Each structure stands twice: as structure tokens, then as C-alpha cells.
Amino acid sequence: MLHLRRVKWALRKSRLPAVDGLVLDVGSGGKPYPRSDILFDRLTGSEHRCGTSMMIDRPAVFGDATKLPFKDKSFDFVVASHILEHIANPGVFLDELQRVGKAGYIETPNIIFERLHPYDIHCLEVVSIDKVLHIYKKKQPIEDSFLGCLNFLQKDQMWKSFFFEKPDMFHVRYFWKEKIEYFIHNPEVSCEWVESINDNSEIGELKSSYLIGNPGWRGYGLKLLGTWYALQRRKRLKDWDLLSVLVCPECKGDLERDGGVLACRACDIRFSNDPHPNFTRR
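Predicted model only: the values in this text are computed from it and were never measured. Note on numbering: residues in each chain are counted from 1, in written sequence order. For a predicted model such as this one, the threshold for reporting local features is a pLDDT of at least 70, and the threshold for listing and counting side-chain atom pairs is 80 or more; totals across whole chains, interfaces and linings nevertheless cover every residue. Side-chain metrics rest on all non-hydrogen atoms present in the structure, leaving aside hydrogens and water.

J.: How would you explain the pattern of salt bridges if you had to name every residue and give the values?
T.: Basic side-chain nitrogens of Lys or Arg form a salt bridge, by our definition, when they fall within 4 Å of a carboxyl oxygen of Asp or Glu. Summed over all chains, the structure comprises 19 salt bridges. The salt bridge involving Asp241 is made with Arg257; its shortest N-O contact spans 2.6 Å. With Asp241 in the loop between helix 7 (216-236) and strand 12 (255-258) and Arg257 in strand 12, this residue pair connects regions lying 16 residues apart in the sequence. With a relative accessible area of 33%, Asp241 lands in the partly exposed category. Each of Arg35, Asp37, Arg233 and Arg236 takes part in a single network of salt bridges with overlapping partners. Numbering of helices and strands runs from the N terminus, with a helix taken as a DSSP run of H or I at least four residues long and a strand as a DSSP run of E at least two residues long. Here's how the labels work: a residue is buried when its accessible area is under 20% of the maximum for its type, exposed when over 50%, partly exposed in between, all with a 1.4 Å probe on protein chains only.

J.: How would you explain the state of the cysteines if you had to name every residue and give the values?
T.: The definition used for a disulfide is geometric: two cysteine sulfur atoms within 2.5 Å. In total, this model carries zero disulfides according to the counting rule given. Not part of a disulfide, Cys248 finds its nearest cysteine sulfur in Cys267, a span of 3.6 Å. In this model Cys251 remains outside any disulfide bridge; the closest cysteine sulfur is found in Cys264, 3.5 Å from its own. For Cys251, a relative accessible area of 34% gives the class partly exposed.

J.: Provide a residue-level description of the packing of aromatic side chains, including the pertinent values.
T.: Each Phe, Tyr or Trp ring, with Trp reduced to its six-membered ring, pairs with another whose centre is within 6.5 Å; inter-plane angles below 30 degrees give stacked pairs, above 60 give edge-to-face pairs, and intermediate values give tilted ones. Applying the stated criterion across every chain, the model contains 11 aromatic pairs. Centroid distance Trp159 to Phe162: 5.7 Å. Interplanar angle 85°. Geometry classified as edge-to-face. Residue Trp159 and its partner Phe162 are located together in helix 5 (residues 157-165), separated by three residues, close to a single helical turn. The exposure class of Phe162 is partly exposed, given its relative accessible area of 28%. Here the aromatic residues Phe113, Tyr119, Phe152, Trp159, Phe162, Phe163 and Phe170 are joined through ring pairs into a cluster of three or more.

J.: Explain unusual backbone geometry to me, and be specific about the residues and the numbers.
T.: Along the chain, Asp274 connects to Pro275 via a cis peptide bond; the corresponding omega equals 0°. Examined against the element boundaries, Pro275 turns out to sit in the loop between strand 14 (269-273) and strand 15 (277-278). Despite not being glycine, His82 shows a phi value in the positive range, around 55°. Along the chain, His82 turns up in the loop between strand 5 (77-81) and helix 2 (90-100).

J.: Lay out the pairing of strand 13 (residues 261-264) in plain terms, naming residues and giving numbers.
T.: Residues of strand 13 alternate between two faces, with Val261 and Ala263 on one and Leu262 and Cys264 on the opposite face, all of them buried. When strand 12 meets strand 13, the two strands line up antiparallel, connected through four bridges. Paired with Glu256 across the strands is Ala263, a residue of strand 13. In this structure, the hairpin formed by strand 12 and strand 13 is closed by a connection of two residues, where Gly259 is found at a positive phi of approximately 65°. Pairing between strand 13 and strand 14: four bridges, direction antiparallel. Looking at the pairing, Leu262 lines up with Phe271 of strand 14. At least two DSSP bridges between two strands are required for those strands to pair. Linkage of strand 13 to strand 14, two consecutive antiparallel strands, is achieved through a turn of four residues, within which Asp268 is found at a positive phi near 55°.

J.: Tell me what's going on with the side chain of Arg99, and back it up with residues and numbers.
T.: With respect to the element layout, Arg99 can be found in helix 2. At a separation of 2.7 Å, a polar atom in the side chain of Arg99 contacts the side chain of Glu96. With near-sequence residues (within four places) excluded, Arg99 lies in contact with Leu68, Phe70, Lys71, Asp72, Lys73 and Lys252. Two N or O atoms form a polar contact when they lie within 3.5 Å of each other; inside protein one atom must be a possible hydrogen donor and the other a possible acceptor, and for residues adjacent in sequence the pair counts only when both atoms belong to side chains. Here, residues are in contact when the closest pair of their heavy atoms is within 4.5 Å.

J.: For the nonpolar core, give the residues involved together with the corresponding values.
T.: Within this scheme, the nonpolar core is defined by two criteria: the residues are buried Ala, Val, Leu, Ile, Met, Phe, Trp, Tyr or Cys, and they are joined through side-chain atoms within 4.5 Å. In terms of nonpolar packing, the biggest core is built from 46 residues, with Phe70, Phe93, Leu97 and Ile106 touching the most fellow members. The biggest single contributor to this core is helix 2, with four residues. Here Phe70 is in contact with Leu24, Phe40, Val61, Phe75, Arg99, Val100, Val245, Leu246 and Val247, once residues within four sequence places are set aside. Counting residues in each nonpolar core, the second largest holds eight residues, with Leu16, Phe77, Ala103 and Tyr105 among its members.

In short, geometric facts, not functional conclusions.
Right under this line is the structure:
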């Protein structure tokens, strides 16, 4: 049986708006968007990306997504796929996306997904209504102690089939230009509990190809598409220097290369640059 709706969903990474300029992938993980030029992530543990290791096959930067180490409006498009729901301070994160990008795309599980199949590494529930992101901060890993503990999607075959065939109905896909419209319904709630999970995340292996691991037909498709974009990327970034878009995440001051580190003269902080800029290490 050909699951056309499922196939269309799987191919969504190939259907982003045509962008001529620089594209940043925030929370790029194990299957970054083929069109992205720069990868950005904080954690390499596979538990944060459905069991797949982080992939680095193009310029990559490590750091905190609520303190993006990039200059204002340095990217023409910013992808943030399946990262918002992990962020304890969503307003700060969304404001950072708007600061460094001119336009972008946000994808998350929606509130129905999260209620039926909660993840303990997700601290937000999100839904898009009338082009506004509505955000609810979870007080604990399972917000709905009744529905969230039933394992409903696994036990009810009708709902399991419905969920598998119509993934678009259980996700938010939000495109923005210049401004992200969002509303946090319970800003007084703290989601800092998720940071203990992040802090205990293992350092996972890195990979350099979509085909490492168990790629399936989707991995081969991404590899083919990625090869095409890689050729275009090499031409586009031939004389480009990653340092040209980097700033200190703490003070937003300019950085200088100093051996295997990046140094901020303004606040006298030095960050690791071996082999990739890593603003989680000083």
C-alpha cells in the first residue's frame, strides 16, 4: 500500500521556500535540512534525536540556542525543526531566531501529539492558530497524568493507524518572515526541570552522512538531495569565512581566532574552536 500522505510528509525537507542566501539549521541533529549552509546544535546525545547521531557534513557550530553566537540578520532563512519544544525559555529562543534571521521555518509536535504521546525531554506544548504560535509550558514531563500514561497510540490500533497515516495533523509547521507571532499562555511556569535531562545527556558519536546507521529510503533521498545542495554550497561559500557571522554569545562582541580558540576581546572570554566553534566550552 502506498502511503501518499506519509510520503509527502517525509519529503517536506525538500520543499522549503527557495532561498538564494545563507541558511542556518538550529538544532540540526542527525538529519539536517539538505539546503542548510550552517549547522547549529548544543547536544550530540542520540536520545535527543530519535536514536540518530548528530551529522556534520558542512560548517557546524555548538552552543546554546537561547544565546545564538551569530550577528544580527546574518541569515536569510533559519530552520528550527523539533527544537522549540525542548527550550525552557521559549520567548528568549524565538526572539533570538528573529534577531539572527530574516525569515524562517519552525516545526514541532503539536499539543495533540504531546498529550497522546508525551516525551520527557519536551517541556512545551505548541499549537498554531491563525498564524500565531500558542505555547503552553509543561510543569513536568507528563502534563496529563491520565492520557499521558495510557500509551494510547500503541494500544489503540485505529488511532495508531490514523497517527501514522496523517503526521501533518499532529505537527506544527510555521513559516515566518521578519516577525514570529507567538503567545505564551503560562509564562509564570518554570521549565527548568528539563535542564537536568539536558545536562545528563551523553556525548554521542558524530556522523558525516545521511546513510550511516539505518537510513531507509528517506536517508537515500536526503543523501541524493544533499549531494546536489552540497555542490551548490561549495560554489556559494567558496570565499566565505564562518568567522564573518560569529559573535560572542555573551556580549555579542566580535571574535578573533587565536590558535585553537575564539577570543572575545570585549568581555575577555575564550571559546574552543577545535575542530568546530564550540560556545559550550571555554
